[in-house]
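Spelled out, the chains give:
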Amino acid sequence: MADPHIKCELDILDKLTVILYRSAFTLAAIIMAVIGTETDAATPFLIMVALLASTTVHIYDKRFRWLIQGAGLFAAIWFMSGLWQPLALGAALFVFSALSIKEYFCFKVKILLLTPIALAGFWFCLVFAVANVAIGCAMVGAALLAFAAFSKWRMPLHFDIGDKSRYQV
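The model shown is predicted, which means the values in this text are computed figures rather than measured ones.

Tell me about the side chain of Ser 97, residues and numbers included.
Structurally, Ser 97 can be placed in helix α4 (residues 85–107). In this structure Ser 97 touches Thr 115, Pro 116 and Leu 119, once residues within four positions along its chain are discounted.

Here is the structure:
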């Protein structure tokens, strides 16, 4: 994971991936606020955001990076296949749950540990047609993702990259 204490030189690709990553959190927060009531309208966008976020993950350990990236890719492919859409949405929500946990470990923002609970609660309530609880979980998830986005945008870009020599390929 990135280390805020190390300031490396960022090239244009580093800056672009950090901006895309932070934008993904921002878009996901907005989409989660909509998806609670309009699931069909927002699902493709959430899949796109999950794919975007999963391709710009800055995690040193390749196993975790590949897991998150694979889930984002799965979400996009499964959504495009037209099969059971809640599975694609679940994979997309997994990406943001994992990224929220990553942000907790990087920057010790404890409230982000609630994100996977809110997003999983939303997904389960959506699948089992508990609409009012799903809306509540979606709003909590949106607020947590917005908090993560706000926190990320306040940080210098190099905080997300850390020590480039420690990344596993």
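Report on the UniProt feature "transmembrane region" (unreviewed entry) in the protein chain, specifying residues and quantitative values.
According to UniProt, the feature "transmembrane region" (unreviewed entry) maps to residues 12–35, 41–60, 72–101 and 121–150 in the numbering used here. The span residues 72–101 is 90% helical and 0% strand by assignment, and the distance between its end C-alpha atoms comes to 16 Å. Annotated as residues 121–150, this span is 90% helix and 0% strand, and its ends, taken at the C-alpha atoms, are 23 Å apart.

Let's hear about the packing of helix α1 (residues 12–35) against helix α6 (residues 131–154): which residues, and what values?
At a minimum axis distance of 8 Å, the contact between α1 and α6 shows a crossing angle of 155 degrees. In terms of axis orientation, α1 runs roughly antiparallel to α6. The handedness of the crossing between α1 and α6 is left-handed. Together, Ile 19, Tyr 21, Arg 22, Ser 23, Phe 25, Thr 26, Ala 28, Ala 29, Met 32 and Ala 33 of α1 and Ala 138, Met 139, Ala 142, Leu 145, Ala 146, Ala 148, Ala 149, Lys 152 and Trp 153 of α6 make up the contact between the two elements.

Give a description of the nonpolar core that names residues and reports values.
By size, the foremost hydrophobic cluster in this structure holds 46 residues, and its most contacted members are Phe 25, Met 32, Leu 46, Leu 93, Phe 96, Leu 99 and Phe 122. For this core, the secondary structure elements donating two or more residues are α1, α2 (39–55), α3 (62–81), α4, α5 (115–127) and α6. If you tally residues by element for this core, the top one is α4, at eleven residues.

A description of the pattern of salt bridges should follow, citing residues and the corresponding values.
One pass over the structure, following the stated rule, counts three salt bridges. One salt bridge connects Asp 61 with Arg 63, and the closest N-O pair in it is separated by 2.6 Å. For Asp 61, a relative accessible area of 16% gives the class buried. Given the relative accessible area of 59%, Arg 63 is considered exposed. A salt bridge links Glu 103 to Lys 152; the shortest N-O distance between them is 3.0 Å. One end of the pair, Glu 103, is in helix α4; the other, Lys 152, is in helix α6, and 49 residues separate them in sequence. The class for Glu 103 is buried, based on a relative accessible area of 2%. The network of salt bridges with shared partners includes Lys 102, Glu 103 and Lys 152.

The rules behind the values
Residues numbered from 1 in each chain as written. Predicted model: local features only at pLDDT ≥ 70, side-chain atom pairs only at ≥ 80, totals over all residues. Heavy atoms only, no water. Helix = DSSP H or I, 4+ residues; strand = E, 2+ residues; numbered from the N terminus. Contact = heavy atoms within 4.5 Å. UniProt positions renumbered as here; feature names shortened; annotations may be inferred. Axes fitted to C-alpha atoms, helices over the stretch in contact; angles between N-to-C directions. Parallel < 35°, antiparallel > 145°, perpendicular 65-115°, else oblique. Left-handed = near helix turned anticlockwise from the far one by under 90°. Core = buried A, V, L, I, M, F, W, Y, C linked by side-chain atoms within 4.5 Å. Buried < 20%, exposed > 50% of the residue type's maximum accessible area, 1.4 Å probe, protein only. Salt bridge = Lys/Arg side-chain N within 4 Å of Asp/Glu carboxyl O.

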